[in-house]
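Structural description and commentary
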Amino acid sequence: MTLLVASDLDRTLIYSTAALALSMPDAEAPRLLCVETYEHKPLSYMTEAAAALLEELARTVAFVPTTTRTPEQYGRIRLPGPAPEFAICANGGELLVHGEPDLQWRARVRRTLDAECASLEEVRERLVRTADPAWLLKARTAADLFAYLVVERSLLPDAWVKELTVWAGERGWTVSLQGRKVYAVPKPLTKSAAVAEVARRTGATEVLAAGDSLLDADLLLAADRAWRPGHGELADVGWTAPHVTALRTRGVAAGEEILRAFAGG
């Protein structure tokens, strides 16, 4: 049996300071390893125990980081263990092979989006035009594939998100709220499609997966076995499936628990 492990990164395996959820007394907190810096400052962490588990896992199975980050954002991360042969970025829009974009995969994705979805320009215009400057911090596009807003979450109206979700759905797009970011992503742009391509190339016969957000749901459903942490969009709505283990653990400790599950897989 050839095993492939495909995992989301942010708030699944790696955690910002705000997402660590260190609820124990300070003297009992786990030692942390910084795995990403941004603008010369530490940004993302794993527990040292999780790092050791990932290093061993990456040496024994096909480990595929599977993220909504752009390739440039992914490139800031320094995961323990050997560099993965494959990595999936931009929510499945970019397939990296030995760190380089696979141009055939990129072209295939673009053809699908052009045929099935409203344009990125139309969706971005709607996002920016209807957003209130009182809570909008930044508006961005990623890899010319999808758009997102950075918002002041406490001021973001639920009604605005719901209205956008309906509008986008009618045009072949989906909306996801993750922390301070509101994502608008074409429905055919999925992590599961890219993972299926990696499985085909590697001959994998079993896929394990993990993720925390609504954008990870298709990835978890397509896997043979999967895990989600006790935080994030999926946990907030109580999402699960028969082959998906819903952990109660929250924060960086959940990343460690997920890696222990992968190692036992």
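In what follows, the structure referred to is the one given above.
Residues numbered from 1 in each chain as written. Predicted model: local features only at pLDDT ≥ 70, side-chain atom pairs only at ≥ 80, totals over all residues. Heavy atoms only, no water.

1. Quick notes on the overall build of the protein
Cut-off, in case you're wondering: Only DSSP runs of H or I with at least four residues qualify as helices, and only runs of E with at least two residues qualify as strands; both kinds are numbered from the N terminus onward. When we talk radius of gyration, it's over C-alpha atoms, and the globule rule is simply 2.2 Å times the number of residues to the 0.38. The buried label goes to any residue with under 20% of its type's maximum accessible area, the exposed label to any with over 50%, and the partly exposed label to all in between, with areas taken from a 1.4 Å probe on protein chains only. Here, two residues are considered to be in contact whenever any of their heavy atoms come within 4.5 Å of each other. Each accessible area is a Shrake-Rupley result for a 1.4 Å probe, and residues are judged covered by the shown protein chains and nothing else. Under the convention used here, Asp and Glu are negative, Lys and Arg are positive, and both His and the chain ends fall outside the count. All charge positions are set by atom: Lys at NZ, Arg at CZ, Asp at CG, Glu at CD.
The number of helices and strands found in the protein is nine helices and 15 strands. In summary, the protein has a C-alpha radius of gyration of 18 Å against a globular reference of 18 Å for 265 residues, a match within 12%. Principal-axis analysis of the C-alpha atoms gives the protein an extent of 45 × 45 × 40 Å. Here the protein, with 265 residues, has 50% of them falling under the buried criterion. Taking the contacts inside the protein whose residues are at least 6 apart along the sequence as the reference set, 56% of them involve residues at least 24 apart. Here the protein has roughly 12600 Å² of accessible surface; of this, 50% comes from carbon and sulfur atoms. Here the protein holds 30 positive side-chain charges and 35 negative ones, and the gap between their average locations is 2 Å.

2. Quick notes on the sheet that holds strand E2 (residues 15-16)
Basically, it comes down to this: The rule for pairing is simple: two strands pair if DSSP sees at least two bridges between them. Interaxial angle, 0 to 180 degrees, is taken between N-to-C directions of lines fitted to C-alpha atoms, where a helix line uses only the stretch in contact.
Pairing is antiparallel in the open sheet, where three strands are placed in the order E2-E4-E3. Each end of this open sheet is capped by a strand with a single partner; those strands are E2 and strand E3 (32-38). As paired elements, E3 and strand E4 (residues 41-47) share six bridges and run antiparallel to each other. Its bridge partner being in E4, Cys34 is matched across the sheet by Tyr45. Contacts from helix H1 (residues 48-60) reach E3 and E4 within the one sheet, and its direction differs from that of E4 by about 75 degrees. The sheet strands contacting helix H9 (residues 252-264) are E2, E3 and E4, and the helix crosses E4 at an angle near 45 degrees.

3. A short note on the pattern of salt bridges
Short version of the rule: When a carboxyl oxygen of Asp or Glu lies within 4 Å of a side-chain nitrogen of Lys or Arg, that pair is called a salt bridge.
With the rule as written, the count across this model stands at 19 salt bridges. Among the ionic pairs, Arg69 bridges to Asp10, the shortest N-O distance being 2.7 Å. With Arg69 in the loop between strand E5 (62-65) and helix H2 (71-74) and Asp10 in the loop between strand E1 (3-7) and E2, this pair connects stretches of sequence that are 59 residues apart. Classification of Asp10 as partly exposed rests on a relative accessible area of 28%. Ionic contacts of the salt-bridge type, sharing partners, join the residues Asp102, Arg108, Glu197, Arg200 and Arg201 into one network.

4. Quick word on the packing of aromatic side chains
Applied cut-off: Working definition: a ring pair exists when centres of Phe, Tyr or Trp rings (six-membered ring for Trp) sit within 6.5 Å. Plane angles under 30 degrees give stacked, over 60 give edge-to-face, the rest tilted.
Under the criterion given, the structure shown has four aromatic pairs. Ring geometry for Phe146 and Tyr183: centres 6.0 Å apart, planes at 50 degrees, overall tilted. Here the residue Phe146 occupies a position in strand E10 (residues 146-151), and Tyr183 occupies one in strand E12 (residues 181-186), the gap between them amounting to 37 residues. With respect to burial, Phe146 and Tyr183 carry one shared label: buried. Among the aromatic residues, ring-to-ring pairing joins Phe146, Tyr148 and Tyr183 into one connected group.

5. Side note on the state of the cysteines
Two cysteines joined by a covalent bond between their sulfur atoms form a disulfide. Selection criterion: Any pair of cysteine sulfurs within 2.5 Å is marked as a disulfide.
By the definition in use, this model includes zero disulfides. The thiol sulfur of Cys89 is not disulfide-bonded, and the nearest other cysteine sulfur, from Cys34, lies at 19 Å. Judged by its relative accessible area of 0%, Cys89 falls in the buried class.

6. Quick word on the nonpolar core
This is how the line gets drawn: Residues enter a nonpolar core if they are buried and are Ala, Val, Leu, Ile, Met, Phe, Trp, Tyr or Cys, with the set joined through side-chain atoms within 4.5 Å.
Residues Leu4, Phe146, Trp160, Trp173 and Val182 are the most contacted members of the largest nonpolar core, which totals 56 residues. In this structure Phe146 touches Thr68, Ala90, Leu120, Arg140, Thr141, Trp173, Tyr183, Ala184, Val185, Pro186 and Leu189, once residues within four positions along its chain are discounted. Residues Val35, Leu57, Val61 and Leu208 belong to the second largest nonpolar core, which totals 28 residues.

7. Some details on the environment of Val252
In this fold, Val252 is placed in helix H9. Beyond its immediate stretch of four places on either side in the chain, Val252 contacts Tyr15, Ala19, Leu20, Leu22, Leu32, Tyr45, Met46 and Thr47.

8. As for the packing of H1 against H9
For the record, the criterion: Any angle that is under 35 degrees is reported as roughly parallel, and any over 145 degrees as roughly antiparallel; angles of 65 to 115 degrees are reported as roughly perpendicular and all others as oblique. Two helices crossing with the near one rotated counterclockwise from the far one by less than a right angle form a left-handed crossing, whereas a clockwise rotation gives a right-handed crossing.
Packing of H1 against H9 brings their axes to within 9 Å, and their N-to-C directions diverge by 30 degrees. Regarding the angle of H1 to H9, the classification is roughly parallel. Here the hand of the crossing between H1 and H9 comes out left-handed. On H9, the residues that touch Ala49, Ala50, Leu53, Leu54 and Leu57 of H1 are Glu256, Leu259, Arg260, Phe262 and Ala263.

9. Some details on unusual backbone geometry
Despite not being glycine, Glu39 shows a phi value in the positive range, around 55 degrees. Note that Glu39 resides in the loop between E3 and E4. The residue Ala143 is not glycine, and still its phi comes out positive at about 55 degrees. Among the secondary structure elements, Ala143 is positioned in the loop between strand E9 (136-142) and E10.

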